[in-house]
Amino acid sequence: MIGGGVLLTLVGVVAASEGGGITATRAALPQRSVSQDSTYGCIVCHADKRRAFSQGVHAERGIRCEDCHGGDPSQYETPAAHRGRFVGSPTKRETVELCASCHSDPNQMRQYGLSVDQLAEFRTSRHGQLLMEQRNRDAPTCTDCHHAHLIRPASDARSEIYPSNIPGTCAVCHENASLMAKYGMPTDQLERFTVGAHGVAVFEKRNFAAPTCIGCHGSHAALPPAVAEITHVCGKCHVLLARAFYEGPHGEPAQAGGLSGCVGCHSNHGTERIPPEQIGELCTTCHDAESRMAAVGFEIEEQVGRAGEELAAAAVAIDEMAANGRETADDRFRYQAAFTAYQQLAKVQHSLDLEQLEELGREVRSNTGIIRATAEAYAEERWEHKLVLIPVWFLALSALVFAWFKLRELGR
Amino acid sequence: MRRTLNAVHGWLVGVWEDIKASTDSSLLGMARFVGLLYGPIDRSLRIDLALRKSLRYRLAPQVGWRHAPGGVTYLLFIVLVVTGVLMAAYYRPSVEEAYPSVQHIVSEARFGWLVRDLHYWCANLIVIAVLAHMARVFFEAAYKPPRETNWLIGLLLLFVVLAFGATGYLLPWDQWSYWTVTEVLNAVAHIPLVGRPIADAAMGDVIPSGATLSRFFALHVIVLPWIAFALLGYHFTLVRRRGIAPAMDSEDEAARWRSSGKHEPGEKPQGVPFFPTHLLRSFSVAVLTLAVAITLAVLFPRVLADPADPYALPDELVSTWVPVDVSLALIRLAGPWGFALFTLLGVSLVLIPLLDRGPERRLRRRPIVATLGLTFFVGYLALWIAGRAIGSVPPSASLGEAVEERAVPVGSSARPPQVQPARPAAAPENADEGGGR
């Protein structure tokens with residue numbers, strides 16, 4: 001038994017050493033990776049860079065040190081290795097050009113399905129304008145967001161550009177108070193984003209359909225949207241809400257740049273949800289409290305709030321019926337109908353169409369009304385069950401009294 | 001005319017006598033077979049005489065109200081059988097139909113709600129009644145020779161009652177029953193050596209599923225009732241054969257009461273007459289028990305949780321059975337070791353008749369037994385009350401490995417992880433170089 005184990009171990013060792021031999025043979029082939037290339041001169045001094053680089057996507061694609069830095073990697077002495085077209089630490093502008101030399105070439109990028117307009121986009125961005133036109137060294141270059149050597153794909157959860165990591169990547173600079181003070185910019189974007197609807201979706205629910213910074217500002221072409229563009233930006237995802245907004249009285253001035261569109265009520269990075277009970281009050285921040293428009297706001301508040309309460313009551317009624325053993329498939333179906341109308345209310349309120357709101361409110365109430373009536377009838381039925389106790393205890397007590405008298409009589 | 005009537009009368013009497021003669025022996029045989037009658041009854045004893053004889057039966061004078069829990073247990077068992085049979089007419093033991101059929105029983109079938117809640121409450125009350133009966137037997141030393149066999153039969157009956165509850169618990173097929181059974185089978189699987197095979201055999205699958213439901217249903221309505229009836233027959237026969245145990249401070253006079261409850265010839269009759277005194281007392285207790293059970297069923301119906309869903313761990317498990325409350329309180333208050341020790345204490349009661357065989361019946365002379373018994377019975381009651389007050393969260397919620405082991409994905413009801421916005425990870429190199437960060 002033990003001998004067999006030793007034999008197996010020996011066989012394993014032999015197999016492993018044979019495997020090592022195969023690896024050495026492969027290393028001699030032209031398609032070798034940096035980490036396995038013992039003749040590579042750069043790693044004599046830059047082992048840390050090699051280690052980082054070898055974990056990135058570029059190493060996987062066969063890119064080598066000299067492809068970006070030039071020099072002669074077959075040399076082991078610094079003067080000889082750094083000879084010729086050699087770039088040790090490219091400047092920020094040189095970095096952009098260096099990356100673009102491959103990333104703007106459709107023939108090289110086609111195989112990876114990557115777009116080749118990053119440089120063109122970058123030039124239009126605020127970052128690009130500062131760096132490329134004003135030569136401002138505060139502005140970020142490619143390697144500030146993507147790292148210089150350890151470049152991971154966006155699908156890698158450790159990458160700086162993985163969806164839930166993007167806000168942190170942007171915040172490296174945008175939370176730097178002294179840096180942002182120079183440009184008169186706030187530093188609370190990440191803080192507000194984190195607690196907002198989008199932040200909760202991305203960080204807590206891991207819903208990567210929700211936008212991070214780049215969803216609204218763009219990535220390489222990062223710029224704050226112009227006032228007239230705000231509703232278009234939000235409308236990329238909130239299609240129906242944007243359409244309803246354009247249909248309403250706010251739509252036209254917002255498109256003309258006279259109103260700040262969605263962020264006027266919901267704020268920008270905080271993407272605040274407006275609780276139904278605050279709708280009317282919110283309108284009075286722009287409209288006079290006595291005005292007709294404020295009255296419309298309070299009417300919407302009334303409709304939405306009432307529908308919400310009706311829905312909540314219907315949900316409680318359904319839970320109660322289910323807990324008491326009643327089959328509730330019909331009621332749940334009605335609840336879904338009411339809930340659909342309630343969600344449509346959320347859309348229609350952006351168009352300020354009171355007539356449509358009233359109609360949807362009625363739809364919610366008619367469905368929830370039936371659910372509640374059913375629940376009340378069932379509750380009454382269950383209450384009537386308690387009446388069984390009257391004859392039960394009447395009979396029981398009569399029997400006990402009879403038995404007590406009889407037993408007393410027998411005891412004498 | 002008169003002659004004709006006489007002839008008809010004579011003919012009818014003849015027929016009646018013939019029928020009696022041919023049925024008496026078989027009826028007696030049946031009665032004896034199921035243990036209703038015991039004594040020197042044979043073919044020559046007519047059934048009306050047998051009835052009169054049993055009515056003349058007298059119980060020993062020490063038999064009193066404290067002997068009621070035994071009878072109450074039997075009454076509750078009968079109620080459970082009747083309500084169970086009524087529900088079996090509607091219940092369907094399959095994953096798809098179990099829950100809807102329970103809904104049908106509760107909300108559609110006539111008086112189905114009462115039948116089901118009565119079944120549920122009697123299943124709880126029977127545990128209390130069994131323990132009360134056991135406590136009386138224990139403290140009065142009624143387990144001592146020659147009645148030690150009946151103590152062991154009684155313990156088997158206790159396990160049968162517990163098995164009834166455990167198997168019936170799953171049948172509503174709602175979230176609480178599903179996950180409680182999951183937890184219990186997980187716990188059973190952790191018992192060394194035998195645990196895993198037992199849990200696997202009960203489960204019939206890698207998680208509680210349709211196979212488990214079928215197994216539990218078969219045990220609950222086919223296997224366990226037969227075992228229970230057989231053990232009950234034996235239990236009652238032994239009670240009649242050995243007589244009711246004497247009071248703690250008196251000698252065992254069972255020999256005098258043993259055979260038929262009558263005294264030796266010529267002795268003045270003593271004891272409590274079975275009819276009408278004892279029957280009336282039993283009747284009172286039965287009426288009161290039924291009224292209480294119906295009241296509990298009407299006022300505190302067993303709520304149905306959502307239908308069982310192996311993919312959604314509920315936030316809360318509501319216990320609906322006394323032993324579950326007790327186990328919960330034990331594990332929360334005394335930890336696993338406390339649970340193990342208490343269980344050991346309960347199991348050690350099995351050995352009592354083997355160890356405590358002396359003639360002493362007075363409680364003060366049996367301090368060790370009295371302490372053990374008091375700890376177990378009072379502890380059980382206290383733990384039941386404590387368990388009711390404790391809200392239960394499925395232990396699997398905190399035992400990640402147990403969930404993973406069974407490959408059950410945690411549903412949306414699980415607590416969301418505390419997620420902080422991630423920062424880019426520090427790279428394994430110096431960041432002070434131009435271009436690099």
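Here the structure is a predicted model, which is why all the values come from computation and not from measurement.

A. Fine view of the overall build of chain B. In terms of regular secondary structure, chain B is built from 15 helices and two strands. With 437 residues in all, chain B has 30% of them scored as buried. Expressed as a percentage of contacts within chain B between residues at least 6 apart in sequence, the contacts between residues at least 24 apart total 76%.

B. A look at the overall build of chain A. When helices and strands are tallied, chain A shows 24 helices and zero strands. Long-range pairs, those at least 24 residues apart, make up 53% of the contacts in chain A between residues at least 6 apart in sequence.

C. Quick look at unusual backbone geometry. Cis geometry marks the peptide bond from Phe-275 of chain B to Pro-276 of chain B; its omega dihedral reads 0°. For Leu-352 of chain A, which is not a glycine, the phi torsion comes out positive at approximately 60°. Here Leu-352 of chain A lies in the loop between helix H22 (329-348) and helix H23 (354-385). By C-beta crowding, Leu-352 of chain A is classed as buried, having 21 other C-beta atoms within 10 Å. Positive phi is not limited to glycine here, since Trp-173 of chain B has a value of about 55°. By the element assignment, Trp-173 of chain B lies in the loop between helix H6 (148-170) and helix H7 (175-189).

D. Looking closely at the interface of chain B and chain A. Taken together, the contact between chain B and chain A spans 38 residues of the former and 46 residues of the latter. For the side of chain B that touches chain A, the secondary structure elements donating two or more residues are helix H4 (98-107), helix H5 (112-139) and helix H11 (274-299) of chain B. Residues belonging to the side of chain B that touches chain A are distributed by class as follows: 24 nonpolar, nine polar and five charged.

E. Molecular detail of the nonpolar core. By size, the foremost hydrophobic cluster in this structure holds 110 residues, and its most contacted members are Leu-345 of chain A together with Leu-76, Leu-118, Cys-122, Ile-126, Trp-173 and Ala-293 of chain B. Examining the composition of this core, we find that 15 residues originate from one element, H5 of chain B, more than from any other. Not counting chain neighbours up to four residues away, the residues in contact with Ile-126 of chain B comprise Thr-73, Leu-76, Phe-77, Leu-80 and Val-161 of chain B.

F. View of the packing of helix H3 (residues 68-88) of chain B against H11 of chain B. Residues and elements named next belong to chain B. For the pair H3 and H11, the least separation of the axes is 10 Å and the interaxial angle reads 55°. The orientation of H3 relative to H11 falls into the category oblique. Between H3 and H11 the crossing geometry is right-handed. For the pair H3 and H11, contact is made by Ala-68, Gly-71, Val-72, Leu-75, Leu-76 and Val-79 and by Ser-282, Val-285, Ala-286, Thr-289 and Ala-293, respectively. A class-by-class count of the residues in the contact of H3 with H11 yields eight nonpolar, three polar and no charged.

G. Here's a closer look at the confidence of the model for chain B. Residue and element names in this part refer to chain B. Of all residues in chain B, 79% attain a pLDDT of 70 or more, and the chain-wide mean is 80. Low confidence marks residues 397-437, where pLDDT is under 50. Its contacts with residues over four positions away, or in another chain, come to 69 contacts. Reported confidences for the modelled complex are a pTM of 0.69 and an ipTM of 0.76.

H. Examining the environment of Gly-70 of chain A more closely. Residues and elements named next belong to chain A. Tracing the backbone shows Gly-70 in the loop between helix H4 (65-69) and helix H5 (78-81). Linking Gly-70 and Ala-81, residues 11 residues apart in sequence, is a C-alpha distance of 9.2 Å. The residues touching Gly-70, leaving out its near neighbours within four places in the chain, are Gly-84, Arg-85, Phe-86 and Val-87.

I. Here's a closer look at the confidence of the model for chain A. On average, residues of chain A carry a pLDDT of 88, and 91% of them reach 70 or more. Overall, residues 1-31 of chain A carries pLDDT values under 50, and its contacts beyond four positions in sequence, including any with other chains, amount to three contacts.

J. How the structure looks around the environment of Ala-346 of chain A. Looking at where Ala-346 of chain A falls in the secondary structure, it is placed in helix H22. Taking the C-alpha atoms as reference points, Ala-346 of chain A and Leu-241 of chain A, 105 residues apart in sequence, are found 8.1 Å from one another.

Criteria and cut-off values
Going along each chain's sequence as written, the residues are numbered from 1 onward. A letter from A marks each chain and a number from 1 marks each ligand, given out in the order of writing. Given that this is a predicted model, residues contribute local features only at a pLDDT of at least 70 and side-chain atom pairs are listed and counted only at 80 or more, while totals for whole chains, interfaces and linings are drawn from all residues. Under the DSSP-based scheme used, a helix requires at least four consecutive residues in state H or I and a strand at least two consecutive residues in state E, with every element numbered from the N terminus. Residues with at least 20 other C-beta atoms within 10 Å of their own are called buried, those with 12 or fewer are called exposed, and the rest are partly exposed. The C-beta atoms themselves are positioned from the backbone. Think of it this way: build a C-beta for each residue from its backbone, and any pair within 7 Å is a contact. Three classes are used, and their members are as follows: Ala, Val, Leu, Ile, Met, Phe, Trp, Tyr, Cys and Pro are nonpolar, Asp, Glu, Lys and Arg are charged, and the others, Gly among them, are polar. Among buried residues, those of type Ala, Val, Leu, Ile, Met, Phe, Trp, Tyr and Cys that are joined through C-beta atoms within 7 Å form a set called a nonpolar core. For helices, the axis comes from a line fit to the C-alpha atoms of the stretch in contact; other axes are also lines fit to C-alpha atoms, and the angle between any two N-to-C directions lies between 0 and 180 degrees. Here the word oblique covers every angle except those under 35 degrees (roughly parallel), over 145 (roughly antiparallel) and from 65 to 115 (roughly perpendicular). Crossing chirality is assigned from the near helix's rotation relative to the far helix, an anticlockwise turn below a right angle marking it left-handed and a clockwise turn marking it right-handed. Every residue gets a pLDDT, meaning the predictor's confidence in that residue, from 0 to 100.

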